[in-house]
Amino acid sequence: SPGSMPLCNMTSKSVFIIAIDFGTSFSGYCFSLASGADQIRQVYWGTEYGFKTSKTPTCILFNQKQEFKKFGYDAIMKYKSLPSSEADNWYFFQNFKMKLYNTKVTSDMGLKASNGKMLPALMVFSESLRYLKEHALNTIQEASFQTVYSEEEVTWVITVPAIWSAAARQFMRWAAKEAGLISDMISEKLIIALESEAASLWCKQLPQEGFMTAIRTSCTLKKTAKFICVCVCVCLGGTIDITVHEIQENHYLKELHKASGGGWGGNRVDENFIDFLREIFDDGVWDEYEKKHPTELQYMMYNFGLQKCSTSREGVYIRCYYNLTKLAELKKDISHFFKKANGVVWCDGVFMVTYEKMKTFFNYSIRNIICTLRVILDKPEMAKVQYILLVGGFASSIILRDEISQAFSEEYHILCPLDAQAAIAKGAVLFGVNPCIVASRVSAQTYGIAVNQDFDAAIHDCHKKRISKKDGYIYCTDLFKKLVGINESVNINEDAQYYFHPTEADQTQAKFSFYCTEKQDAQYVDEEGMECLGSCIVPMPDTKLGRKRQLKLDIKFGLTEFKATCTDITSKQKKTITINFLSV
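Residues numbered from 1 in each chain as written. Predicted model: local features only at pLDDT ≥ 70, side-chain atom pairs only at ≥ 80, totals over all residues. Heavy atoms only, no water.

- An unreviewed UniProt entry annotates the chain as Heat shock protein family A (Hsp70) member 12A of Strigops habroptila.

Right, dumping it as structure tokens:
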């Protein structure tokens, strides 16, 4: 890409870039040669079952021995074919990516299968990534007749929501290591990419015909002025990610607003549809169906998922499957279940959900998306935003696009790429080729570390006063040293330096504990709203200078993952800092 900033050299030894879009509902990958992304190869899934989609369902199946068996469409079809008695002993997982959002992510966390049985989360995620890795390497071999002999030949990119925590991002890196994508946790052969940035990178180079005609204006995101400002709304199965990017004159991205969003994705529509069916099939019918026939229910919901994105104004037709019909008929004639229900009509083995009723299933998601967009776009500093970009599988929904267009089309150009589902993986390939193409990001929170300082009775809490037993040194503990503030713009190449001294004259190691808060600043790390992210230990073996020793901390805040090095000035020992966000 043109511009004054140099290409990052992370991928210099790689032959291929493989970008995995690991989604809540669907997953897939794209790849290209590392020398350039002029020809990004896309994989289609489900052809053996009559489908042709750019992603496959994020579903994984383990047998009764907890051995991996199937992933994606294969997992659904295999699970569907199992007798109910046998299915009770297998492990079928879906929508499990959401377990990493808005929760405390730990190294030993478990995941519940559809039948309630548990497996370690790391096992479920790593086996999913292992499958996608092997599928991708086999595809490359078939497409290019070239076998990937060494992990050094591939740079992997995994996309994550921008609203994910540092612990969730680290968990994905850990799962990638367990899956064999990389050999260690600090490997530069894995790049974590943000879904919203990948979406912008792909869409900014699309021509006008690359966007859907129904909401397309005569504009594209290609540079027509010194800069273009676009509000990116990534609409996925689990989460909604909203941020604002400026596409600069040199084609690089600058983040103007920190990522916002929540768990308002397409799965909420599915949940509302299931609640609706539970109301229809009352008298315990639906609850028994869920318990006894989970494989059939899974297949019904998969078909509903396909239809919810292509809903016509005539409504959606849903087949009433055999076991649901059988259970209902034990109570009364199945047509009677539909007599009191609004927005649904029974017709000879099929029920039709009206367009207006379908819209109610979207209400929660659409209300939250529009409200969050309004809060962001109404800020004075966002006055230069000209576009709203809708990307992701959920953005394929006609209902969603219509509602957002109705709310914002008078003020903004609404754009949605033709293959909204594949845009993130394709953009992630571009990011893998040149991670420096994102020039700066906005800090989502205020970050800092716990430090000790000379005690000052005028400003310090007496309860924080400590006295060294060795030489009587008086200091204040638990102080918060701010490193970067919330909403602060940070360049990705910016390397901030900080200097520290040991508290004890003879200590041979230093502990750095990192904290974050949504406040602009804080005095102590135990104040309300402070969160401990993680910690690390740095050696300080040479003690001859006592407290006059110095530690230099170099941190890059603008990256998608925390990267830092610490140098003991006295011993000249330099160490790459690895914070374990999963142990707290």
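**Notes on the overall build of the chain**
In step 1: Within the chain one finds twelve helices and 30 strands.
In step 2: By the compact-globule yardstick of 25 Å for 584 residues, the chain fits well, its C-alpha radius of gyration being 26 Å.
In step 3: Dimensions along the principal axes, computed over C-alpha positions, put the chain at roughly 85 × 55 × 55 Å.
In step 4: Long-range pairs, those at least 24 residues apart, make up 70% of the contacts in the chain between residues at least 6 apart in sequence.
In step 5: Surface accessibility of the chain: about 25600 Å² in total, with carbon and sulfur atoms responsible for 48%.
In step 6: Taking the average place of the 67 positive charges on the side chains of the chain and the average place of its 66 negative ones, the gap between the two points comes to 2 Å. (Helix = DSSP H or I, 4+ residues; strand = E, 2+ residues; numbered from the N terminus. Rg over C-alpha atoms; globule rule 2.2 N^0.38 Å. Contact = heavy atoms within 4.5 Å. Areas by Shrake-Rupley, 256 points an atom, 1.4 Å probe, with all protein chains shown as cover. Lys, Arg positive; Asp, Glu negative; His and termini not counted. Charge placed at Lys NZ, Arg CZ, Asp CG, Glu CD.)

**Overview of the pairing of strand β29 (residues 563-568)**
In step 1: For β29, a buried count of five out of six residues is recorded, marking the element as mostly surrounded by other parts of the structure.
In step 2: Looking at chain direction, strand β28 (residues 551-556) and β29 are connected through six bridges and run antiparallel. Among the inter-strand pairings, L553 is bridged to a residue of β29, identified as C566.
In step 3: Connecting the antiparallel pair β28 and β29 is a turn made up of six residues. (Buried < 20%, exposed > 50% of the residue type's maximum accessible area, 1.4 Å probe, protein only. Pairing = 2+ DSSP bridges.)

**So, the sheet that holds strand β18 (residues 387-391)**
In step 1: What the seven strands build is an open sheet, ordered β19-β18-β12-β13-β14-β20-β24; its pairing is mixed. Sheet topology places β19 (413-415) and β24 (489-491) at the edges, where each strand pairs with a single neighbour. Averaged over all pairs of adjacent strands, the angle between strand axes in this sheet comes to 25 degrees, irrespective of strand direction.
In step 2: Inspection of the sheet shows β18 paired to β19 by three bridges, in the parallel sense. (Axes fitted to C-alpha atoms, helices over the stretch in contact; angles between N-to-C directions.)

**Brief notes about the pairing of strand β14 (residues 253-262)**
In step 1: β14 sits mainly inside the fold: seven of its ten residues count as buried.
In step 2: Two elements, strand β13 (residues 240-247) and β14, share seven bridges in a ladder whose sense is antiparallel. The residue bridging V244 from the neighbouring strand is H257, located in β14.
In step 3: In textbook terms, the turn of a hairpin is the stretch between consecutive antiparallel strands, and for β13 and β14 this stretch comprises five residues, one of which, H251, has a positive phi near 80 degrees.
In step 4: Relative to strand β20 (residues 438-442), β14 runs parallel, the two sharing two bridges. Bridging across to β20, L253 finds its partner in V438.

**Some remarks on empty space enclosed by the protein**
In step 1: Overall, the coordinates contain one cavity of 30 Å³ or more when judged by the stated rule.
In step 2: Empty space within the largest cavity amounts to approximately 30 Å³.
In step 3: Taken together, G28, Y29, C30, Q42, S54, K55, Q421, A422 and A425 make up the full set of residues lining the largest cavity. (1 Å grid on protein atoms, 1.4 Å probe; cavity = no way out; pocket = protein on both sides within 12 Å on 5 of 7 lines; lining within 4 Å. Points joined across faces, edges and corners; volume = space filled by probe spheres on them.)

**Quick look at the packing of aromatic side chains**
Here the distance between the centres and the angle between the planes together describe a pair of aromatic rings.
In step 1: Taken as a whole and judged by the stated rule, the model has 29 aromatic pairs.
In step 2: Residues F281 and W286 carry aromatic rings whose centres are separated by 6.4 Å and whose planes lie at 25 degrees to one another, so their mutual orientation is stacked. Comparing F281 with W286, the two get one shared label, buried.
In step 3: Three or more aromatic residues link up through ring pairs in this structure, and these residues are F281, W286, Y289, F337, F338, W346 and F351. (Phe/Tyr/Trp six-rings, centres within 6.5 Å; stacked < 30°, edge-to-face > 60°.)

**Overview of the side chain of T560**
In step 1: Positionally, T560 belongs in the loop between β28 and β29.
In step 2: Of the polar contacts made by the side chain of T560, one reaches the backbone oxygen of I192; its length is 2.6 Å. (Polar contact = N/O pair within 3.5 Å; in protein donor to acceptor, adjacent residues only side chain to side chain.)

**Some thoughts on the sheet that holds β28**
In step 1: The strand order across the open sheet built from four strands is β25-β28-β29-β30, with neighbouring strands paired in antiparallel fashion. Every other strand in the sheet has two partners, leaving β25 (496-500) and β30 (573-577) as the edge strands with one partner each. Taken pair by pair, the neighbouring strands of this sheet meet at an average axis angle of 20 degrees, ignoring direction.
In step 2: Summarising the sheet, β25 and β28 pair through five bridges and their orientation is antiparallel. Paired with F500 across the two strands is L551, which belongs to β28.

**Comments concerning the nonpolar core**
In step 1: Judged by nonpolar contacts, the single largest core of 152 residues is most densely connected at F93, F125, L129, F171, F281, F512 and F514.
In step 2: Counting residues per element, this core draws most heavily on helix α10 (residues 355-377), at ten residues.
In step 3: Every residue in contact with F93, bar those within four places of it in the chain, is listed here: T58, C59, I60, F62, L111, K112, A113, L119 and V124.
In step 4: If you look at the next biggest cluster of nonpolar residues, it comprises 38 residues, including A193, W202, I228 and A428. (Core = buried A, V, L, I, M, F, W, Y, C linked by side-chain atoms within 4.5 Å.)

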